[in-house]
Protein chains: 2
Amino acid sequence: MPRAWTLAARPQGMPTPADFAIVDLPAAPLADGEVRVANRWLSVDPYMRGRMNDVKSYVPPFVLGEPMTGGAVGEVVESRDGALVVGDMVQHMLGWRDEATGPAAAFTKLPALDVPPQSFLGQLGMPGMTGYFGLLEVAQAKAGDTVFVSAAAGAVGSTVVQVAKAKGMTVIGSAGGAEKAAWVRSLGADAVIDYKAGPVVKALAAAAPKGIDVYFDNVGGDHLDAALASARPNARFAICGMIDVYNDAKPTELKYLARLIGNRVRMQGFIVSDYMDRAAEFYRDMGALLAAGKLRAEETIHDGLDATPDAFMGLFSGGNTGKMLVRL
Amino acid sequence: MPRAWTLAARPQGMPTPADFAIVDLPAAPLADGEVRVANRWLSVDPYMRGRMNDVKSYVPPFVLGEPMTGGAVGEVVESRDGALVVGDMVQHMLGWRDEATGPAAAFTKLPALDVPPQSFLGQLGMPGMTGYFGLLEVAQAKAGDTVFVSAAAGAVGSTVVQVAKAKGMTVIGSAGGAEKAAWVRSLGADAVIDYKAGPVVKALAAAAPKGIDVYFDNVGGDHLDAALASARPNARFAICGMIDVYNDAKPTELKYLARLIGNRVRMQGFIVSDYMDRAAEFYRDMGALLAAGKLRAEETIHDGLDATPDAFMGLFSGGNTGKMLVRL
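Below is a short write-up of the structure.

This part takes up the packing of helix 5 (residues 200–207) of chain A against helix 6 (residues 221–230) of chain A. Residues and elements named next belong to chain A. Where helix 5 meets helix 6, the closest approach of the two axes is 8 Å, and the angle between their N-to-C directions is 40 degrees. The angle between the axes of helix 5 and helix 6 places the two elements in the oblique class. As helix 5 packs across helix 6, the resulting crossing turns out to be right-handed. From helix 5, Val200, Val201, Leu204 and Ala205 reach across to helix 6, where they touch Asp222, His223, Asp225, Ala226, Ala229 and Ser230.

Structure (structure tokens):
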């Protein structure tokens, strides 16, 4: 019988196992136009934390007691629609479950690129598009710029590091702990800050003595403040995430915010879904980088549907290098 | 004998009278190409507080013990240059003193507009240009937008209120106290928040139930946080000043900063001097508004050079409605 994870309670601060409950899904026959997909890979992403709160946002909150949703890749095992046949690999948003059923239009056949299917949840999926368009469009980063990216060992950040290097930029990444820092450096970063080793503001000033032109923010808090302190004139900040505050109601404290003014800094929040109509361009450019051997991906894999909450919670305790995935 | 104010000590937090000292200036004959100007009006502006700290910024710090500088309007009383003749009214940056001497190129003859000369330190000067270009260029405000402006009773804010109304926008201003609030409303603001009467975040949510498209920030802190809480999708914030932190080393606390992301908010710091090459356009458009009776100016005037530090310190204690000036 198919099973799915539901949100049992809205987390107070950091999520705990008691906030999640697994339920059986009714096994129903397909209607005309529907397909059944056996999920092979589930994505867990930091933005999901926001959906666990009962507040209006750009994605609606999860409903208590109902199956949660999220990115997934699976294989069509039954089809009553001409657009998809058994054996097709598809990506879709009915994650947090082992089997997904719905209208064929809710499932997108994977592009024909010679990469593992789970890439479409990472570097070639939402996290990759986030890094790509955030860096190149939102922050208007260009060759010669000095780019600072936080959570550089994560799915989004590691894409930013590699795209920036491929496009001729100088890159400073931050990551937590020596092992992750070493991995970020192996991706080509010119300097890496281990944020667990000391204040980010000092480390960034040392790593970028002439300042930064671009900041790609996945973290907020002390990283954002350090970026403000090191911002060069006309610096552009792409504000992608603030993992620092997702689990924490305390305000962000910024000592260097007023530097926005004198340095004409631009901070721009963005959502990757605004760029979905440019997916073809993304696949073309990232595909070329992949083919040229300029992109490496790392995955942190949890096995089995039962491990999904652990994988999710690991996002907030530094548990992943690269993309965090659940393999079914 | 001419006199000038010097910075005697770098203020710790809020400036005090002991931070200033008045000195006699040597009376020297003019060299070829120089003019002597009797100052009639001196400007005091919040940005000057930044120059009193010994930190690198977009304007260099004041040097301890040397005459301070700032906007001024005066009359040429002696000239050894063909470009200016005795009786010409000029604007220049040798303020904080009663007499200014220097090369003629350092003094600009006032444009021929039928307004009082001190207007060129206010609505037709740096504060007016700041409001005008900050609203229309930096924030890209347009007819139909809902605009929130802090310090709306100040020299910059009162310009923003009136230009926004003249261009067909809905305007919410904030000011401290019932009297200033009433004045801002008399300028045409659709709603006014008295920030001394309660939390700004609640008052703004009530005044703009559908949210704001533009925020013109003169204050930072709780006003900026309220604007973040009320930001509509694709809102633009022009970050002009943060008077909240000029005298205070404590960090800015923002509870709603992460709303930048979901609402794709753009925060853009700016400096009015970047728009100096568009002064002609500014005079033309503002001149037309003035002629149409769509702009009102208020002034808070202190008399005599000795009162200059008091006028300056008053900027930080809510001492001014409209432009703060010293009349000599």
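Attention now goes to the relation of the copies chain B and chain A. Turning chain B through 180 degrees and shifting it by 0.0 Å along the axis lays it on chain A, with an RMSD of 0.0 Å. As the rotation angle and translation indicate, the two copies are arranged about a two-fold axis. An overlap of 100% is found between the interface residues of chain B and their copies at the interface of chain A, pointing to a shared contact surface.

Bringing the packing of helix 2 (residues 126–138) of chain A against helix 3 (residues 155–166) of chain A into the picture now. All names here are of chain A. In contact at an axis separation of 8 Å, helix 2 and helix 3 are set at 45 degrees when each is read in the N-to-C sense. When the axes of helix 2 and helix 3 are compared, the pair comes out oblique. Seen from above, helix 2 lies across helix 3 with right-handed handedness. When helix 2 is examined against helix 3, the residues Pro127, Gly128, Thr130, Gly131, Tyr132 and Leu135 are found in contact with a partner set consisting of Ala155, Val156, Thr159, Val160, Val163 and Ala164. Here the contact of helix 2 with helix 3 is built from residues that sort into eight nonpolar, four polar and no charged.

A few words now on the interface of chain B and chain A. Note on interface size: it is often stated as the accessible area lost on association of the parts. Contacts between chain B and chain A engage 27 residues on the former and 27 residues on the latter. Elements represented by at least two residues in the side of chain B that touches chain A include exactly strand 13 (252–254), helix 8 (259–262) and strand 14 (266–269) of chain B. Among the elements that take part in the side of chain B that touches chain A, strand 14 of chain B stands out by supplying four residues, more than any other. Across the side of chain B that touches chain A, the residue classes tally to 15 nonpolar, eight polar and four charged. Sheet analysis places strand 14 (residues 266–269) of chain A next to strand 14 of chain B, joined by three bridges and oriented antiparallel. Following the sheet pairing, glutamine 268 of chain A is matched in strand 14 of chain B by arginine 266 of chain B.

Analysis parameters
- The residue numbering used here restarts from 1 in each chain and proceeds along that chain's sequence as written.
- Chain labels run from A onward and ligand labels from 1 onward, assigned in the order the entries are written.
- Side-chain atom pairs in this predicted model are given and counted only at pLDDT of 80 or more, local residue features only at pLDDT of at least 70, and totals for whole chains, interfaces and linings cover all residues.
- Only the contacting stretch of a helix is used when fitting its axis, a line to C-alpha atoms as for every element, and angles between N-to-C directions run 0 to 180 degrees.
- The way it works is that DSSP assigns letters per residue, a run of H or I at least four long becomes a helix, a run of E at least two long becomes a strand, and they are numbered from the N terminus.
- When an angle is under 35 degrees it counts as roughly parallel; over 145 it counts as roughly antiparallel; between 65 and 115 it counts as roughly perpendicular; any other value is oblique.
- Here is the rule for handedness: rotate from the far helix to the near one, and if that takes an anticlockwise turn smaller than a right angle the crossing is left-handed, while a clockwise turn gives right-handed.
- It is the C-beta atoms, placed from the backbone, that decide contacts: two residues are in contact if theirs lie within 7 Å.
- The copies are overlaid by a least-squares fit using only the C-alpha atoms of residues whose pLDDT is at least 70 in both copies.
- Lys, Arg, Asp and Glu make up the charged group, whereas Ala, Val, Leu, Ile, Met, Phe, Trp, Tyr, Cys and Pro make up the nonpolar group; the residues left over, Gly among them, are polar.
- Two strands form a pair only when DSSP identifies at least two bridges running between them.

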